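Descriptive structure summary
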Amino acid sequence: LLVSFSASAAEIPPNDRVIQQLSNGGLRGSLPTQIRLMNWNILKGERGEPWRRDFSNFSSDRNIVLVQEGYQSPLVLQTLQSLSGLSFYMANSFVWKGALTGVISGFAVEPLKQEFRRSPQFEPILNSPKMSFISYFEMSNGKPLVVVNVHGINFVGPEKLKNQLEDIISVLANYRGALIFAGDFNTWNEARDEVLQKAAQKLGVEEIPFERKKEGKVLDHVFQRGCLLEKSWVLNDVDSSDHDPEFVDLNCNN
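Residues numbered from 1 in each chain as written. Predicted model: local features only at pLDDT ≥ 70, side-chain atom pairs only at ≥ 80, totals over all residues. Heavy atoms only, no water.

**What about the sheet that holds strand β4 (residues 87-96)?**
Backbone hydrogen bonds are what pair the strands of a sheet, in a parallel or an antiparallel way. We apply this condition: We call two strands paired when DSSP finds no fewer than two bridges between them. For the purposes of this entry, the term helix denotes a DSSP run of H or I that reaches at least four residues, the term strand denotes a run of E that reaches at least two, and both are numbered from the N terminus. The axes are straight lines fitted to the C-alpha atoms, using for helices just the contacting stretch, and the angles between their N-to-C directions are given from 0 to 180°. A contact between two residues is defined here by any heavy atoms of the two lying within 4.5 Å.
With mixed pairing, the seven strands of this open sheet are ordered in space as β1-β4-β5-β3-β2-β13-β12. Edge strands, defined here as strands with exactly one partner in the open sheet, are β1 (19-21) and β12 (228-234). Averaged over all neighbouring strand pairs, the angle between strand axes comes to 20 degrees, with direction disregarded. Bridging between strand β2 (residues 34-41) and strand β3 (residues 64-71) involves five bridges; their strand directions are parallel. Counterpart to Asn39 in the pairing with β3 is Leu66. Lying on the sheet, helix α1 (residues 48-59) is in contact with β2, β3, β4 and β13 (246-251); it crosses β2 at an angle near 160 degrees.

Written out as structure tokens, the structure reads:
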């Protein structure tokens with residue numbers, strides 16, 4: 001059964017329906033130490049064929065793909081399942097227009113373990129949570145890697161974003177290995193960005209720099225620790241989403 005919080009509340013899936021595998025193109029074994037990552041809020045794939053084309057092209061050489069505003073529409077599912085080299089998993093947040101939405105993480109190698117974290121507080125109007133998705137790997141050098149895909153709670157004060165990030169930090173409190181911490185954090189003002197930067201300090205992660213052409217507050221961020229940055233870039237002229245995709249190449253063989 002789905003939990004309802006009011007007549008207008010979102011439908012929230014129970015815990016055993018949160019994590020779903022959407023495609024199975026990844027291999028079994030260890031993840032390469034050369035990480036090629038994309039981070040992108042896809043606006044639920046609402047812009048149709050241009051989005052499908054862009055997502056397929058942008059993902060073609062990536063071994064980690066982190067998506068926010070994922071959506072189990074036929075178009076999104078068909079697009080993910082057409083990418084033969086990646087396995088996509090979704091942490092479902094709530095039902096939107098009859099289909100599940102949430103964060104999606106895609107990998108060239110099957111994760112050893114995955115877990116989700118709902119934001120402790122919910123957003124107004126729909127009474128819906130934001131989701132974070134934590135995936136665990138062993139790399140080919142025998143060292144661990146944890147990948148965290150975050151969609152930050154929105155339309156609320158910075159204290160509720162802090163609570164969401166502190167909850168994630170508590171899960172990783174005893175983990176000392178390589179870490180990728182990325183997503184759409186909805187840092188649309190200085191107070192929310194300050195909350196994120198303090199969380200990053202607690203995790204011991206460094207923010208990846210990007211050269212951005214567009215003005216305004218940056219919502220999407222990628223942080224990492226334990227690897228060497230080789231290259232990072234953002235595509236500023238993409239119109240198949242209202243967010244620009246970010247790309248990062250890391251060398252974790254150290």
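**A few points about the state of the cysteines**
Definition in use: Only a pair of cysteine sulfur atoms within 2.5 Å qualifies as a disulfide here. Relative accessibility thresholds used throughout: buried, under 20% of the residue-type maximum; exposed, over 50%; partly exposed, between the two (1.4 Å probe, protein chains only).
A complete count under the given rule lists one disulfide for this structure. The disulfide that involves Cys227 links it to Cys252, with 2.0 Å between the sulfurs. One quick way to see it: the torsion about the S-S bond of Cys227 and Cys252 is about 100 degrees, and its sign makes the bridge right-handed. Here Cys227, found in the loop between β11 (220-225) and β12, pairs with Cys252, found in the segment after β13; they are 25 residues apart in sequence, far enough to count as distant. Under the relative-accessibility criterion, Cys252 is labelled buried at 1%.

**Focus: the pattern of salt bridges**
Close approach of charged atoms allows side chains with opposite charge to pair. Formally: A pairing counts as a salt bridge when a side-chain nitrogen of Lys or Arg comes within 4 Å of a carboxyl oxygen of Asp or Glu.
For the coordinates displayed, the defined rule picks out 10 salt bridges. Ionic pairing is found between Glu49 and Arg52, a salt bridge with its closest N-O pair at 2.6 Å. Taken as a pair, Glu49 and Arg52 lie in helix α1 at a separation of three residues, close to a single helical turn. Take Arg52: its relative accessible area is 29%, and that puts it in the partly exposed class. The salt bridge partner of Glu123 is Lys130, with a shortest N-O separation of 2.8 Å. With respect to class, Glu123 is no different from Lys130; both count as buried. By sharing partners, the salt bridges in this structure join Asp61, Arg62 and Asp249 into a single network.

**Looking at the sheet that holds strand β8 (residues 144-151)**
A sheet is described by the order of its strands in space; here six strands give the open sequence β6-β7-β8-β9-β11-β10, paired in mixed fashion. Among the strands making up the open sheet, the edge pair consists of β6 (113-118) and β10 (206-207). Taken together, the six bridges between β6 and strand β7 (residues 131-138) define a ladder with antiparallel strand orientation. Note that in β7 the partner of Gln114 across the bridge is Ser135. Those strands touched by helix α3 (residues 158-171) are β6, β7, β8 and β9 (178-184), and its axis lies near 165 degrees from that of β8.

**Focus on the confidence of the model for the chain**
The line we're drawing: Confidence scores labelled pLDDT are given residue by residue by the predictor and lie between 0 and 100.
Within the chain, residue pLDDT values average 95, and 97% of them lie at 70 or more. pLDDT under 50 marks residues 1-7. Its contacts with residues more than four places away, or in other chains, come to 15 contacts.

**Some thoughts on the environment of Leu112**
Locating Leu112 in the fold gives a position in the loop between β5 (99-107) and β6. Each C-alpha atom of the pair Leu112 and Glu138 lies 7.5 Å from the other, and the pair is 26 residues apart in sequence. Apart from residues lying up to four places away in sequence, Leu112 is in contact with Tyr136, Phe137 and Glu138.

**Some words on α1**
As a reminder, the rule being used: The span one expects for a helix is its residue count, reduced by one, times 1.5 Å.
Between its terminal C-alpha atoms α1 stretches 17 Å, which fits the 16 Å expected from 12 residues at 1.5 Å a residue. The complete set of buried residues in α1 reads Gly48, Trp51, Asp54, Phe55, Ser56, Phe58 and Ser59. Summarising the contacts, the buried residues of α1 are in contact with β2, β3, α2 (74-81), β4 and β13.

**With respect to the side chain of Gln164**
Put simply, the rule is: Residues adjacent in sequence count toward polar contacts only when both atoms are side-chain atoms; beyond that, a polar contact is any pair of N or O atoms within 3.5 Å, and within protein one must be able to donate a hydrogen and the other to accept it.
Among the secondary structure elements, Gln164 is positioned in helix α3. The buried category is assigned to Gln164, whose relative accessible area is 2%. One polar contact links the side chain of Gln164 to the main-chain amide nitrogen of Ile153, over a distance of 2.8 Å. Sequence-distant contacts of Gln164, defined by excluding residues within four places in its chain, comprise Ser119, Pro120, Lys130, Ser132, Val150, His151, Gly152 and Ile153.

**Focus: the nonpolar core**
Heads up, the condition is: We call a set of buried Ala, Val, Leu, Ile, Met, Phe, Trp, Tyr and Cys residues a nonpolar core when their side-chain atoms join them within 4.5 Å.
Counting 23 residues, the largest nonpolar core has Val146, Val148, Leu165, Leu172, Leu179 and Phe181 as its most contacted members. Elements represented by at least two residues in this core include exactly β7, β8, α3, β9 and α4 (190-203). One finds Ile35, Leu145, Ala178 and Ile180 within the second-largest nonpolar core, a separate group that totals 22 residues.

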